[in-house]
There are 2 protein chains.
Amino acid sequence: MSASIKDVALHAGVSVGTVSNVMNHPSRVSNDTVAKVQRAISALGFVRNDAARQLRAGESKTIAMMVFDAANPFFTDIARGAEDAAAKDGFSVILANTSESSTRELGYLDLFEEQRVRGILISPYGEVEDRLQALKKFGIPSVLVDRVSNSQVFSSVSVDDVAGGHIAASHLLSLGRRTLGFVGGPLEIPQVGDRLVGAQQAASEYQECSLRVFETTATTVLEGRRIGEAIAAMEPKERPNGLFAANDLVALGLLQALVAANHLNVPRDIALVGYDDIDFATSAIVPLTSIRQPSQLIGETALEILAEEALDPTQPPQKVVFQPELVIRASA
Amino acid sequence: MSASIKDVALHAGVSVGTVSNVMNHPSRVSNDTVAKVQRAISALGFVRNDAARQLRAGESKTIAMMVFDAANPFFTDIARGAEDAAAKDGFSVILANTSESSTRELGYLDLFEEQRVRGILISPYGEVEDRLQALKKFGIPSVLVDRVSNSQVFSSVSVDDVAGGHIAASHLLSLGRRTLGFVGGPLEIPQVGDRLVGAQQAASEYQECSLRVFETTATTVLEGRRIGEAIAAMEPKERPNGLFAANDLVALGLLQALVAANHLNVPRDIALVGYDDIDFATSAIVPLTSIRQPSQLIGETALEILAEEALDPTQPPQKVVFQPELVIRASA
DNA sequence: CGCTCGTGTTGAAACGATTCAATTTCGATG
DNA sequence: CATCGAAATTGAATCGTTTCAACACGAGCG
């Protein structure tokens with residue numbers, strides 16, 4: 001169907017070895033021959049078959065990135081950072097969206113293992129460290145993104161979520177709010193769990209202060225709206241006066257519901273803090289106070305570490321932790 | 001480094017052909033042998049080498065999807081639809097973000113050609129139809145997403161952007177606004193250009209009505225904010241009283257700037273209509289009136305058409321055009 | 001003139017799977 | 001018990017590239 005290196009060799013009147021050298025080690029070939037071969041290549045519309053190349057060469061130039069919610073701008077920002085860094089090192093990044101499904105996550109890991117990608121950047125959803133260990137033994141390194149390694153075996157680039165949770169709750173407390181609510185879930189997701197722990201720590205530093213947990217099934221706008229409606233319907237005395245959402249999507253959902261129930265004012269009746277500081281936080285109904293993470297930088301750093309490990313598999317794991325930062329706007 | 005099919009055959013005491021059959025045509029193999037081979041596979045941790053498989057089999061099960069702005073929720077919604085549909089047909093979707101760069105777009109096309117992906121779902125940024133034609137001749141079909149084919153050669157799944165622009169502008173006009181502004185760009189992007197054309201058509205149906213174009217360099221929140229600041233700073237008599245943004249990102253940027261300049265009220269002084277109806281439109285400072293496109297459905301449909309063409313390359317191109325829909329909220 | 005060296009070039013082996021014609025096995029049948 | 005056919009299994013050929021030992025050819029040197 002399509003031209004192979006053999007056809008090119010024939011057309012140019014040289015051997016297949018020479019054609020291969022033109023593409024991979026041009027310095028070994030005389031200028032005349034290079035020109036001749038290149039003419040043949042474009043005449044035939046030859047395109048290297050990556051499968052054959054990889055089979056023989058044993059390594060690919062593709063890096064896979066897996067996130068569990070590609071619709072969250074926070075992750076697309078990270079991906080953007082990784083792509084830019086990869087372009088510098090000559091790698092290509094392909095993205096897989098695991099859509100908060102462990103099954104799909106494992107499915108993609110299988111796919112990438114079969115494809116022998118050069119490395120994996122992953123923001124894990126399910127319990128995958130065992131699987132990643134197997135991949136590592138197999139020769140495919142991974143770097144965890146936005147999450148630390150339980151096993152200490154993997155490099156990771158993350159943000160101190162406990163600190164972030166602490167900052168968020170402290171801010172609400174410093175505004176005089178004493179009946180707090182945490183909205184997010186599932187709590188098993190470390191990012192969510194850690195932020196809650198940080199918030200609880202902050203709460204324990206104050207007397208007569210409560211922190212109630214509203215667990216969601218996912219960190220989405222929709223789930224935020226659901227909880228927001230429930231909170232709007234609560235008795236005033238039961239209702240928290242300060243809310244901390246596990247991420248901005250949830251916060252925006254809450255905001256929608258609270259504003260729609262027009263007997264409530266944000267921040268007067270309920271102060272609200274989000275997390276991630278996505279672009280849309282600025283333009284929310286009530287511009288959102290949020291915890292900013294350096295998303296692009298996370299992506300770049302993760303890719304650089306992965307590239308190092310791909311080149312030298314004996315590298316010890318690195319652990320980079322960035323500090324989050326409070327961005328104050330109107331909502332709290 | 002890792003076990004091959006030969007090792008498995010040795011360990012199980014059968015031939016390589018049998019191992020291959022266990023994986024691809026289990027019905028041809030006796031139950032005992034299947035069990036024996038599977039035991040060997042897991043004992044050795046064997047993983048099929050996709051490069052070798054693809055080289056011999058000549059076809060892959062991977063479909064590539066390329067979008068020029070993965071940070072736009074509209075595109076992630078489309079991707080989501082495509083992924084769900086692909087899972088049904090046994091394909092995997094990998095995503096590439098061309099980041100509004102023609103260079104990167106062509107680079108990914110090269111990569112996917114070398115990888116011999118089974119097909120390409122693309123929302124093109126630059127002029128790529130010639131390149132896609134070459135790919136098609138090469139055996140890789142593509143389906144255009146959110147854009148029709150100039151050459152009529154490719155299937156496409158899109159939304160009638162001229163109609164959408166018409167609906168948006170008509171809505172503003174029906175509210176009595178007569179000095180309109182269109183914000184978006186570059187105008188060469190068909191989605192943007194068509195929406196403008198539709199708006200101009202609507203404007204031409206009214207007397208004494210003006211439509212001014214504010215061109216942006218990209219359809220982002222940032223660019224929207226930039227134009228919004230400029231508009232806020234205009235003399236009241238020059239200022240448009242109805243704005244139509246090429247997409248919701250731009251609209252949200254505009255909104256931010258207009259609200260920040262607190263002498264202006266949306267919609268009283270300026271009515272605003274966006275496009276795409278992304279999730280965040282509902283939770284904007286002023287909930288956004290927008291033009292809804294059936295994003296997930298677009299993704300599903302595109303993937304199904306692509307799958308058909310991948311199986312039968314002689315299929316004539318199909319052209320599916322969905323109709324957009326006005327969603328009225330507070331901003332206009 | 002014979003020898004060495006360096007530069008280009010060659011062609012066959014190897015990568016790891018799939019495929020398919022050929023062969024073996026085995027149960028059923030006359 | 002011999003024979004037939006279906007079912008199971010084998011193993012060599014194949015895909016398109018890269019790699020590498022071997023070779024060809026001059027140029028330079030003693």
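A short tour of the structure in this document, coming up. A quick note: this is a predicted structure, and the numbers were derived from the prediction, not measured. (Residues numbered from 1 in each chain as written. Chains lettered and ligands numbered in written order. Predicted model: local features only at pLDDT ≥ 70, side-chain atom pairs only at ≥ 80, totals over all residues. Heavy atoms only, no water.)

Our next topic: the relation of the copies chain A and chain B. For the pair of chain copies, the relating operation is a rotation around an axis with a shift along it. It takes a turn of 180° to lay chain A on chain B, together with a shift of 0.1 Å along the axis; the resulting RMSD is 0.1 Å. Read as a symmetry element, the transformation amounts to a two-fold axis. Among all C-alpha atoms of chain A, that of I285(A) lies closest to the rotation axis, at 1.4 Å. When the interface residues of chain A are mapped onto chain B, 100% of them again lie at the interface, so the same face is used by both copies. (Least-squares fit on C-alpha atoms with pLDDT ≥ 70 in both. Contact = heavy atoms within 4.5 Å.)

All right, on to the pattern of salt bridges then. In this structure the tally under the stated criterion is 25 salt bridges over all chains. Among the ionic pairs, R104(A) bridges to E83(B), the shortest N-O distance being 4.0 Å. One end of the pair, R104(A), is in helix α6 (residues 102–114); the other, E83(B), is in helix α5 (residues 73–89), on a second chain. According to the relative accessible area criterion, E83(B) is buried, its value standing at 4%. Between D161(A) and R195(A) there is a salt bridge whose closest N-O contact spans 3.0 Å. Here D161(A) is found in helix α8 (residues 161–174), whereas its partner R195(A) is found in helix α9 (residues 190–204), with 34 residues between them in sequence. Across the pair, R195(A) and D161(A) agree in class, each one buried. The network of salt bridges with common partners includes R104(A), R80(B), E83(B) and D84(B). (Salt bridge = Lys/Arg side-chain N within 4 Å of Asp/Glu carboxyl O. Helix = DSSP H or I, 4+ residues; strand = E, 2+ residues; numbered from the N terminus. Buried < 20%, exposed > 50% of the residue type's maximum accessible area, 1.4 Å probe, protein only.)

Residue and element names in this part refer to chain B. Relative to the elements of secondary structure, S102 occurs in helix α6 (residues 102–114). Residue classification places S102 among the partly exposed positions, given a relative accessible area of 33%. As a C-alpha pair, S102 and E188 span 86 residues in sequence and 13 Å in three-dimensional space. Other than its neighbours up to four places away in sequence, S102 contacts Y125 and G126.

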